[in-house]
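Summary of the model geometry
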Amino acid sequence: MVKKWAIFCSLALLIFVSVGIGTGYANAESTSAEIAMELTTGTVLEERNADVQLPMASTTKIMTAIIIIEDCDLDEVITVPNEAVGVEGSSIYLKKNEQIDIRDLVYGLMLRSGNDSATALAIHHSGNIEKFAEVMNERAKEFGAENTNFKNPSGLPDSEHYTTARDLCQITRHAMQNETFKEVVSTKNYSGKFRTFSNKNKMLYNYEGANGVKTGYTVKAGRCLVSSAERNGMDVICVVLNCPDMYERSSKILDTCLNGYKLVKLDENALFMSGKVLCKTAKSVDFVIKCDEKLNYIVKPLSENKKVKRGDLVAKLEIVGQNGLILSENLYSIIDR
């Protein structure tokens with residue numbers, strides 16, 4: 001009986017360790033995840049384990065930075081709070097009562113991954129870490145990140161601090177559409193009013209077209225990297241979580257996407273015929289296709305009415321590729337008939 005009980009306990013412990021009971025995410029030691037997404041359309045080009053909840057280390061700071069950039073005056077000079085002095089982990093070595101502007105703190109956050117900078121910015125924004133984390137979680141949902149939970153602004157280990165590759169990509173997609181954020185994360189060397197920083201993200205130096213965004217590492221999260229690169233008018237965001245060869249893997253994923261796909265525009269001035277009615281879409285629309293994909297444009301009339309006024313909805317345009325429907329758009333008459 002004792003022997004059977006011992007075997008049962010051993011099995012229970014093994015299951016506990018394997019599935020990570022008592023944590024907010026999967027066991028990072030055995031799980032990795034990745035995703036690549038086209039920036040303009042949000043089209044997912046590659047993914048693996050993209051919805052598994054994992055810790056994300058300092059890639060957390062993408063959310064911290066975009067909140068500060070959207071909500072704060074970057075030229076405001078603040079006094080460093082005591083709580084931001086001597087924070088564990090990577091640091092820009094803030095000093096007690098030091099004067100520094102928000103802009104330098106944001107660059108220190110993203111280029112040098114300063115945990116002390118993250119703390120100072122969070123306190124400036126919300127008064128304390130806990131309230132800032134609440135803002136992070138609210139904003140994450142606004143950005144379409146439904147499986148993410150933030151507990152701090154830096155990514156320091158916490159069992160309730162996690163995201164998914166898909167969510168982190170969504171957050172980054174939002175951030176990269178902000179010109180100030182994009183300028184910050186694409187900067188290799190920065191000289192501000194108070195501080196000077198060089199960027200630790202090796203993608204900016206070693207990958208053609210790289211323009212961001214953030215590295216991360218803790219023992220629990222493993223090596224994490226959110227990268228972005230633009231070629232031939234198409235920008236792709238890549239997220240890898242718990243990836244030992246994060247630079248090599250990210251480069252390979254980006255190569256596959258940038259060489260294998262292209263961004264196509266359906267121009268609002270392109271004209272189509274629905275029967276005898278000349279028509280067009282209401283706006284220009286971007287979509288992504290494989291580089292060698294052949295497209296068929298099919299106009300499907302919606303009504304047999306002979307009397308048509310300018311602006312009337314008259315047909316549906318379907319763009320079909322080798323694997324089926326790619327895009328469906330309404331067509332509106334540009335004539336009175």
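Let us look at the structure shown here. (Residues numbered from 1 in each chain as written. Predicted model: local features only at pLDDT ≥ 70, side-chain atom pairs only at ≥ 80, totals over all residues. Heavy atoms only, no water.)

1. Regarding the overall build of the protein
What the protein contains, in helices and strands, is nine helices and 16 strands. Summarising its shape, the C-alpha atoms of the protein cover approximately 80 × 70 × 35 Å along the three principal directions. Across the 337 residues that make up the protein, the buried fraction comes to 50%. Here the contacts in the protein between residues at least 6 apart in sequence split such that 60% fall between residues at least 24 apart. A gap of 4 Å separates the mean positions of the 40 positive and 43 negative side-chain charges of the protein. (Helix = DSSP H or I, 4+ residues; strand = E, 2+ residues; numbered from the N terminus. Buried < 20%, exposed > 50% of the residue type's maximum accessible area, 1.4 Å probe, protein only. Contact = heavy atoms within 4.5 Å. Lys, Arg positive; Asp, Glu negative; His and termini not counted. Charge placed at Lys NZ, Arg CZ, Asp CG, Glu CD.)

2. Some remarks on the packing of helix α2 (residues 61-71) against helix α6 (residues 165-176)
The geometry of α2 relative to α6 is characterised by a closest axis approach of 10 Å and an angle of 30 degrees between their N-to-C directions. Taken together, the axes of α2 and α6 are roughly parallel relative to one another. Where α2 crosses over α6, the handedness of that crossing is left-handed. On α6, the residues that touch I62, M63, I66 and E70 of α2 are L168, I171, T172, H174 and A175. (Axes fitted to C-alpha atoms, helices over the stretch in contact; angles between N-to-C directions. Parallel < 35°, antiparallel > 145°, perpendicular 65-115°, else oblique. Left-handed = near helix turned anticlockwise from the far one by under 90°.)

3. A look at the sheet that holds strand β7 (residues 210-218)
Spatially, β2-β1-β9-β8-β7 is the arrangement adopted by the five strands of the open sheet, whose pairing is antiparallel. Strands at the two margins of the open sheet, each flanked by one partner only, are β2 (44-48) and β7. Between one strand axis and the next, the sheet turns through 5 degrees on average, direction left out of account. As defined by bridge partners, β7 adjoins strand β8 (residues 222-231) across eight bridges and the pair is classed as antiparallel. If you follow T215 over to β8, its bridge partner there is L225. Here helix α7 (residues 179-186) sits on the sheet and contacts β7, β8 and β9 (234-241); the angle it forms with β7, its principal contact strand, is near 70 degrees. (Pairing = 2+ DSSP bridges.)

4. Observations regarding the pattern of salt bridges
For the structure shown, the criterion picks out 14 salt bridges. The partner of R166 in a salt bridge is D51, and the shortest N-O contact between them spans 2.7 Å. One end of the pair, R166, is in helix α6; the other, D51, is in the loop between β2 and α2, with 115 residues separating them in the sequence. Judged by relative accessible area, R166 falls into the partly exposed class, the value being 21%. (Salt bridge = Lys/Arg side-chain N within 4 Å of Asp/Glu carboxyl O.)

5. Considerations on the packing of aromatic side chains
Counting across every chain of the model gives three aromatic pairs. For the pair Y190 and F197, a centre-to-centre distance of 6.3 Å together with 10 degrees between the ring planes defines the contact as stacked. Classification of F197 by relative accessible area gives buried; the value is 7%. Look at F272 and Y297: their rings are 6.5 Å apart centre to centre, the planes differ by 25 degrees, and that puts the pair in the stacked class. Taken together, the residues span a long stretch of sequence, with F272 in strand β11 (residues 272-274) and Y297 in strand β14 (residues 296-301) at a distance of 25 residues. You can call F272 buried: its relative accessible area is 13%. Taking relative accessible area as the criterion, Y297 reaches 41% and is therefore assigned partly exposed. Cluster of aromatic residues (ring-pair linked, three or more members): Y107, Y190 and F197. The side chain of R223 reaches across the aromatic face of Y217, ending 4.7 Å from its centre. (Phe/Tyr/Trp six-rings, centres within 6.5 Å; stacked < 30°, edge-to-face > 60°. Lys NZ or Arg CZ within 6 Å of the ring centre and 35° of its normal.)

6. Describing the side chain of D104
With respect to the secondary-structure elements, D104 resides in helix α3 (residues 102-111). No salt bridge forms around the buried D104; measuring N to O, its nearest opposite-charge neighbour R103 is 6.2 Å away. Residues in contact with D104, not counting those within four places in the same chain, are Y190, G192, K193, F194, R195 and F197.

7. Concerning the sheet that holds strand β15 (residues 313-321)
The sheet built from five strands is open, its strands ordered β11-β12-β16-β15-β14 with antiparallel pairing. Single-partner strands in this sheet number two, and they are β11 and β14. Here the strands of the sheet are splayed against their neighbours by 40 degrees on average, with no regard to which way each runs. The pairing of β11 with strand β12 (residues 277-280) spans three bridges and is antiparallel.

8. Here we look at the nonpolar core
Grouped together as the largest cluster of nonpolar side chains are 59 residues, with contacts concentrated most on I62, M63, L105, M110 and F181. If we skip the residues at most four places from it in the chain, I62 touches M110, L168, I171, T172, A175, F181, V213, K214 and V226. Counting 21 residues, the second largest nonpolar core, distinct from the first, contains A210, L225, C243 and Y247. (Core = buried A, V, L, I, M, F, W, Y, C linked by side-chain atoms within 4.5 Å.)

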